[in-house]
Amino acid sequence: MRTAIYAGSFDPPTLGHADIIRRGAALFDRLVVAVGNNPAKRYRFDLAERTGLVQASCDGFAHVEVVAFDGLLVDTAAAVGAQVILRGLRPLGDFDLEFRNGLANRDLTGIETVFLLASPDQVYVSSSLVKEIASHGGDVSRYVSKDVLDALRRTS
Ligand code: ADP
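Every value quoted in this text rests on a predicted model; they were computed, and no experiment measured them.

About the cut-offs
- Residues numbered from 1 in each chain as written.
- Predicted model: local features only at pLDDT ≥ 70, side-chain atom pairs only at ≥ 80, totals over all residues.
- Heavy atoms only, no water.
- Core = buried A, V, L, I, M, F, W, Y, C linked by side-chain atoms within 4.5 Å.
- Buried < 20%, exposed > 50% of the residue type's maximum accessible area, 1.4 Å probe, protein only.
- Helix = DSSP H or I, 4+ residues; strand = E, 2+ residues; numbered from the N terminus.
- Contact = heavy atoms within 4.5 Å.
- Pairing = 2+ DSSP bridges.
- Axes fitted to C-alpha atoms, helices over the stretch in contact; angles between N-to-C directions.
- Near = heavy atom within 4 Å.
- Polar contact = N/O pair within 3.5 Å; in protein donor to acceptor, adjacent residues only side chain to side chain.
- Areas by Shrake-Rupley, 256 points an atom, 1.4 Å probe, with all protein chains shown as cover.
- Expected span 1.5 Å × (residues − 1).
- Arc of directions from axis to C-beta.
- Patch = residues over 30% accessible without salt bridge, like charges linked within 9 Å, V, L, I, M, F, W, Y side chains within 5 Å.
- Salt bridge = Lys/Arg side-chain N within 4 Å of Asp/Glu carboxyl O.
- Phe/Tyr/Trp six-rings, centres within 6.5 Å; stacked < 30°, edge-to-face > 60°.

Caption draft 1: Representation of the nonpolar core. Core analysis: the largest hydrophobic core is formed by 17 residues, its most contacted members being Tyr6, Leu31, Val33 and Leu86. Sorting the residues of this core by element identifies β1 (3-8), α1 (15-27), β2 (30-36), α2 (47-58), β3 (64-69) and β4 (84-89) as the ones contributing at least two each. Residues within four places of Leu86 in sequence aside, it is in contact with Ala4, Ile5, Tyr6, Ala7, Ile20, Gly24, Phe28, Leu31, Val114 and Leu116.

Caption draft 2: Local environment of the sheet that holds β3. The sheet built from five strands is open, its strands ordered β3-β2-β1-β4-β5 with parallel pairing. Looking at the sheet topology across the chains shown, the edges are occupied by β3 and β5 (112-117). Looking at each pair of strands side by side, their axes are set apart by 30° on average, direction ignored. Here six bridges tie β2 to β3, and the two strands are oriented parallel to one another. Across the sheet, residue Val32 finds its bridge partner in β3, namely Glu65. On top of the sheet, helix α3 (residues 73-80) reaches β1, β2, β3 and β4; it is set at about 145° to β1, its chief contact.

Caption draft 3: Representation of the site of the ligand in the model. Around the ligand, a shell composed of 17 residues is seen, among which Tyr6, Ser9, Gly88, Gln122 and Val125 lie nearest. Note that an oxygen atom of the ligand is positioned 2.6 Å from one of the side-chain N or O atoms of Ser9. Phe10 places a main-chain nitrogen or oxygen 3.1 Å from an oxygen atom of the ligand. Within the complex, the protein chains bury 86% of what would otherwise be the 550 Å² of accessible surface of the ligand. When residues of the shell around the ligand are traced back to their parent elements, those giving at least two are β1, α1, β4 and α4 (94-109).

Caption draft 4: Up close: α2. Taking 1.5 Å per residue, twelve residues should reach 16 Å; α2 reaches 16 Å between its end C-alpha atoms and fits that length. Every buried residue of α2 is listed here: Arg50, Thr51, Leu53, Val54 and Cys58. Viewed end-on, α2 has its buried residues packed into an arc of 165°, placing them on one side of the element. Lining the buried residues of α2 we find α1, β2, β3 and α6 (146-154). Residue Asp46 occupies the N-cap position of α2, its side-chain oxygen lying 3.2 Å from the main-chain nitrogen of Ala48. Just beyond α2, the residue with positive phi is Gly60, at close to 105°.

Caption draft 5: Representation of a nonpolar patch on the surface within the structure. On the surface, a cluster of nonpolar side chains totalling about 290 Å² of accessible area is made up of Phe95, Phe99 and Leu103. Inspection of the secondary structure assignment puts Phe99 in helix α4.

Caption draft 6: Geometry of the packing of aromatic side chains. Under the definition given, this model contains three aromatic pairs. Judged by centre distance (5.5 Å) and plane angle (80°), the rings of Tyr6 and Phe10 are edge-to-face. Judged on exposure class, the residue Tyr6 and its partner Phe10 are both buried. Centroid distance Tyr124 to Tyr143: 5.9 Å. Interplanar angle 90°. Geometry classified as edge-to-face. Of this pair, Tyr124 sits in the loop between β5 and α5 (127-135) while Tyr143 sits in the loop between α5 and α6; the two residues are 19 residues apart in sequence, bridging distant segments of the chain. Here Tyr124 falls in the partly exposed class, since its relative accessible area comes to 43%.

Here is the structure:
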């Protein structure tokens, strides 16, 4: 059975993340979505909120699970039995960091990273863009789910 792990901050999850989850779920027997909790990072949404919002976007996929993680992604990948790290790749800035992380993760444990190209209508969508627009009262309904829209409104 092929298991992939798709990790991120998901602060908040966007339709770009949902697109990678949907397409990843079609490629692997099991997809584990790992919501990161890095004590050095400041999040707009706490771990429980981010996990809940990601879970809501995975409902309907029987073989997709959501977990929280901290520490090294390769350790969580081993713990959940993932042979592959799944990442989304946007053209505007993702490549250098992803290349470095992908090689480091392979050095650490031999795990391979598989990239899915961002869909054309999602290439410029990021959690930071969503937070920036929402903080000024702008309309982000084309970038996020209804659940995330409600969460942003609740906490603004
Ligand atoms: P991180 O803190 O790891 O950057 P993110 O939640 O920003 O967490 O991103 C997690 C993953 O989702 C990364 O692989 C990122 O490239 C991918 N991703 C984020 N937004 C998009 C998008 N709009 N389209 C495709 N992939 C995306």
